[in-house]
Every structure is written in structure tokens, then in C-alpha cells.
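Fold and geometry: a report
Residues per chain, in single letters:
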Amino acid sequence: MSVEHSLDPATVAHVSARDAGVDGPRAPIADDKAMLRAARDLTKDLYDARGRFYWPDMLLSAGIGYASIAGAILTDSAGLALVFGLIGALALYRALMFNHEVAHIHKDALPGFRFAWNALVGVPLLTPSFMYEGVHVIHHKRTQYGTIEDPEYLPLALMKPWTLPTFVLVAMLAPIALIFRFAVLVPLGAILPPVRRVVWQRFSSLSINPEFRRRPGEGEMSRRIFWQELGGFVWSWTLIGSVFVLGWRPLLIALAILSLTATLNQLRTLVAHLWENEGEPMTVTAQFLDSVNVPPPGVLAEIWAPVGLRYHALHHLMPSMPYHSLPEAHRRLHRELGDGSTYKQANHPGMVFLVGKIARSTMARGR
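If you're wondering where the values come from, they're calculated on a predicted model, not measured in any experiment. (Residues numbered from 1 in each chain as written. Predicted model: local features only at pLDDT ≥ 70, side-chain atom pairs only at ≥ 80, totals over all residues. Heavy atoms only, no water.)

Taken as a whole, this structure holds 11 aromatic pairs when the rule is applied. Judged by centre distance (5.4 Å) and plane angle (85 degrees), the rings of Phe98 and Tyr323 are edge-to-face. Linking Phe98 in helix α5 (residues 98–104) with Tyr323 in the loop between α15 (312–317) and α16 (326–337), this pair joins segments that are 225 residues apart in sequence. Relative accessible area serves as the criterion here: at 0%, Phe98 is assigned to the buried category. Residue Tyr323 is classed as buried on the basis of its relative accessible area, which comes to 8%. Note on Tyr153 and Trp275: the rings are 5.0 Å apart at their centroids and 55 degrees apart in plane angle, and the pair reads as tilted. One end of the pair, Tyr153, is in the loop between α7 (136–139) and α8 (163–169); the other, Trp275, is in the loop between α12 (248–270) and α13 (284–289), and 122 residues separate them in sequence. Taken together, the ring pairs connect Tyr54, Trp55, Phe98, Phe113 and Tyr323 into an aromatic cluster. Positioned over the ring face of Phe182 is Arg181, at 4.6 Å from the centre of the ring. (Phe/Tyr/Trp six-rings, centres within 6.5 Å; stacked < 30°, edge-to-face > 60°. Helix = DSSP H or I, 4+ residues; strand = E, 2+ residues; numbered from the N terminus. Buried < 20%, exposed > 50% of the residue type's maximum accessible area, 1.4 Å probe, protein only. Lys NZ or Arg CZ within 6 Å of the ring centre and 35° of its normal.)

The structure is reproduced here in C-alpha cells:
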């Protein structure tokens, strides 16, 4: 049953000003209590993380990714190497995105999954789960989302036009930067506490806010950090040592593929939000409208926003919902709330539209 559900006046004022490119203070967005209530009441049975989705998806993605890297290294055909490289980048990208799930699911929900993901994906790609756990949760705190304390937020739509290409292209250097972190900075920090403090505060989280400083890990987290950093240290030097055994070609090909993976993730990050908040705390509904859903029927979003990330706005309403339940949650809410609802306002047609929207905003700002 579809229920007519109009935007409240504050939301209308915000959306109208945003779409018109109007500068100056924006009307605050009040919480849409009907939408929040529907999100709570219609999805109570969708919160169980089911291993029959997680395990095959993660293992198959990682397996295809590593096999494709091997294929790109072993083939003598440049064209075939490019095909293998693209498949490998996409498969490892999907495998890597399970880090987002690891950061959200309850520690007892999928026994062994965190360890397996770190052993098969996190440590080999030098992005173990400690770089996201304990950090990403801040991005979901109501009073910290979109503020200076949010590690995953920058008002990109309100910045200069050159910031967008810089934001994306810098990700190409991520694989080299990660090798340097684990091979050089980790052992140096073990000897020099001031170095360790700086590395932990500034280079130990998958964040985009340059002002963010990470606090020390505690308890069980500190133990996981130790073993994951040790694994990253050993693996980074294994990669460096491979040059003396196999030559430069295998490592350079692998780094090129992982560079493409990192760039894809940065592009996805660029369009995960509208980035229109100037640092003030926001209501849950305002955070939802600043986030992005790219629902079906389009299929490309499942490639560039895998593991449920095409429903990123919905995820901000229900952060602990497992990725395999988000499509059904979206169908229920869309059916119940209707096309005229606040929920509909967070749905967007695709990456090209979103990049263009943010780029136009930056160019208008530049003028």
C-alpha cells in the first residue's frame, strides 16, 4: 500500500535552495518522523547477517581478483593483460568493500569472518580492518556527521573546482603509500614513540578529512591492531623482497591493478554524499538527504558501488543492517512511502549525474 507523504516545509526550502544554487544560510531540515518510523517498523526482520551471502561473495571476489592479477602477470598479450587487470581491479574492489561490513556487523554475528577477511584481503591489500573499525562509526554519529570531527566528510560541493580531480587522482598513489606506511613507518614508530604517535593519529585510518586525528585503540582493538600491523609489515617487505626474486614486472603490474581499485573506491566515495554541509550538526533526515541511493533498475551501480553501497543513504538510516538486506528494505520503504516522499529525494540516477551535480556546485562556488 502506498501512502502519500509530502516533504515538510523545511525540507522543501532546503531542496529548492540547493537545486537553485543559492548561497547563504540554508533552512534547517527537521526530522521526517514518518519516514524514520517506517524505517524502524518495516525492517525489523532484516537485521540478521547471513553467512550464506557473506562467505561465498567475499571468497569468490578475492579468488577472482588474485587469479586475475596472476593472469595479467603471466600473459604475454598486452590486450589480455588489460582485460585481466580490469577484472582483477573490480573483483578486489568488491572484496575490499567487505571492510565496511566488518566495521558494522556485531562481533559475534559471523564467527571467523573478520579474521578470514583480514587474512585473505585486508592484510594482502595493506588495508586491514583496524583502519576502518573504530573510525567509520564516528561518521554515523548524529552529532558528528558532517562536522570537523567526522573523519569521512569534506564539504566537497562547496570547495574549489580543482579539489575534485585532486581528490580522485591522489588515490592512484594509495598502494605505494600503504607499502611505505607498513614497511617503513611501522618499524620506525616501534623505535621512536613520536613517530608512532603521528603515524597512528594521521595515517592509520581510511579517512578523507585532513583535520581528523585518531585516538589510541583500547582493549581487544589494541591487540587486533598489533597483529594486523605485524601482518602488514611482513607482507609489505615480502612485496619489496619479491623484486629481487621475480624482478620489477610482477610488482608493478599488481600495483597498477590495485591503483585502479583505489581510484574506483575514491570515485565511489566522491558520489556517496552530496557534500553540502558546512560543518554544523545535522538531523538524521538531513544526513539522509545529504547521502545517496542509486537504486535499480540500473545495473552499473552494482559494479561501482558494490556490497550494498548503492543504498548508501538507506545505510545511514539503518547502519547495522547487513548489505544483503538493503535491497528488500529499499523496496519496502519505497512501496510504503511513495514517490512524493522524503525517502525518494535521496535516490539518484547514477555516477555521471552525481559527479556533474557536485562539479557544477564547485564551479558555481568558484565564480
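A few words on the pattern of salt bridges. Tallied over the entire structure, the rule returns 13 salt bridges. The salt bridge involving Arg142 is made with Asp31; its shortest N-O contact spans 3.6 Å. With a gap of 111 residues between them, Arg142 in the loop between α7 and α8 and Asp31 in the loop between α1 (9–20) and α2 (33–41) connect regions that are remote in the sequence. A relative accessible area of 22% places Asp31 in the partly exposed class. (Salt bridge = Lys/Arg side-chain N within 4 Å of Asp/Glu carboxyl O.)

What follows covers the side chain of Ser236. By secondary structure assignment, the location of Ser236 is in helix α11 (residues 220–246). For Ser236, a relative accessible area of 0% translates into the label buried. Within polar-contact distance, the side chain of Ser236 engages the backbone nitrogen of Ala183 at 3.4 Å. Dropping the residues within four chain positions of it, Ser236 is found in contact with Leu126, Ile179, Phe182 and Ala183. (Polar contact = N/O pair within 3.5 Å; in protein donor to acceptor, adjacent residues only side chain to side chain. Contact = heavy atoms within 4.5 Å.)

Put simply, Pro296 and Pro297 share a cis peptide bond, and its omega is 25 degrees. With respect to the helices, strands and loops of the structure, Pro297 is situated in the loop between α13 and α14 (301–304). Although it is not a glycine, Leu126 sits at a positive phi angle of roughly 55 degrees. Residue Val307 is not a glycine yet carries a positive backbone phi of 55 degrees. Within the fold, Val307 resides in the loop between α14 and α15. You can call Val307 buried: its relative accessible area is 2%.

Attention shifts here to the packing of α11 against α12. Two elements in contact, α11 and α12, have axes separated by 7 Å at closest approach and are oriented at 140 degrees. Considering their axes alone, α11 and α12 lie oblique with respect to each other. Every residue of α12 that contacts α11 at Leu239, Ser242, Val243 and Leu246 is listed here: Trp248, Pro250 and Leu251. Its residues assigned to classes, the contact of α11 with α12 comprises six nonpolar, one polar and no charged. (Axes fitted to C-alpha atoms, helices over the stretch in contact; angles between N-to-C directions. Parallel < 35°, antiparallel > 145°, perpendicular 65-115°, else oblique. Nonpolar A, V, L, I, M, F, W, Y, C, P; charged D, E, K, R; others polar.)

Turning next to α12. Quick reminder: α-helices carry 3.6 residues per turn. Residues three or four places apart thus point the same way. Here α12 contains 23 residues, and its C-alpha end-to-end distance of 32 Å stays within 8% of the 33 Å for a straight helix at 1.5 Å per residue. Of all the 23 residues making up α12, 17 are buried; the element is thus mostly covered by neighbouring parts of the structure. (Expected span 1.5 Å × (residues − 1).)

This part covers the environment of Pro128. Here Pro128 shows up in the loop between α6 (113–122) and α7. Taking the C-alpha atoms as reference points, Pro128 and Gly231, separated by 103 residues in sequence, lie 9.0 Å from one another. Those residues in contact with Pro128 that lie beyond four places of it in its chain are Asn99, Trp117, Asn118, Gly122, Val123, Phe182 and Gln228.

This part is about the side chain of Arg332. Here Arg332 shows up in helix α16. Apart from residues no more than four positions distant in its own chain, Arg332 is found in contact with Leu42, Thr43, Asp45 and Leu46.

Before going further, it helps to examine a nonpolar patch on the surface. Nonpolar side chains collect at one region of the surface, where Leu60, Ile64, Leu80, Val83 and Ile87 lie side by side and expose about 420 Å² of accessible area between them. In terms of residues, the nonpolar patch owes the most to one element, helix α4 (residues 78–96), which gives three residues. Positionally, Leu60 belongs in helix α3 (residues 51–74). (Patch = residues over 30% accessible without salt bridge, like charges linked within 9 Å, V, L, I, M, F, W, Y side chains within 5 Å. Areas by Shrake-Rupley, 256 points an atom, 1.4 Å probe, with all protein chains shown as cover.)

Moving on: the confidence of the model for the protein. Counting all residues, the mean pLDDT for the protein is 91, and 92% of those residues have values of 70 or more. Below a pLDDT of 50 lies the segment residues 1–25, which in the model reaches 43 contacts outside its immediate sequence neighbourhood of four places, other chains included. (pLDDT = per-residue confidence, 0-100.)

A few words now on the packing of α4 against α12. For the pair α4 and α12, the least separation of the axes is 8 Å and the interaxial angle reads 55 degrees. Our classification of the angle between α4 and α12 gives oblique. Here the hand of the crossing between α4 and α12 comes out right-handed. Contact with α4, carried on its side by Gly85, Leu86, Gly88, Ala89, Leu90, Leu92, Tyr93 and Leu96, involves Ile257, Leu258, Leu260, Thr261, Leu264, Asn265 and Arg268 of α12 and no other residues of that element. Tallied by class, residues from the contact of α4 with α12 come to 10 nonpolar, four polar and one charged. (Left-handed = near helix turned anticlockwise from the far one by under 90°.)

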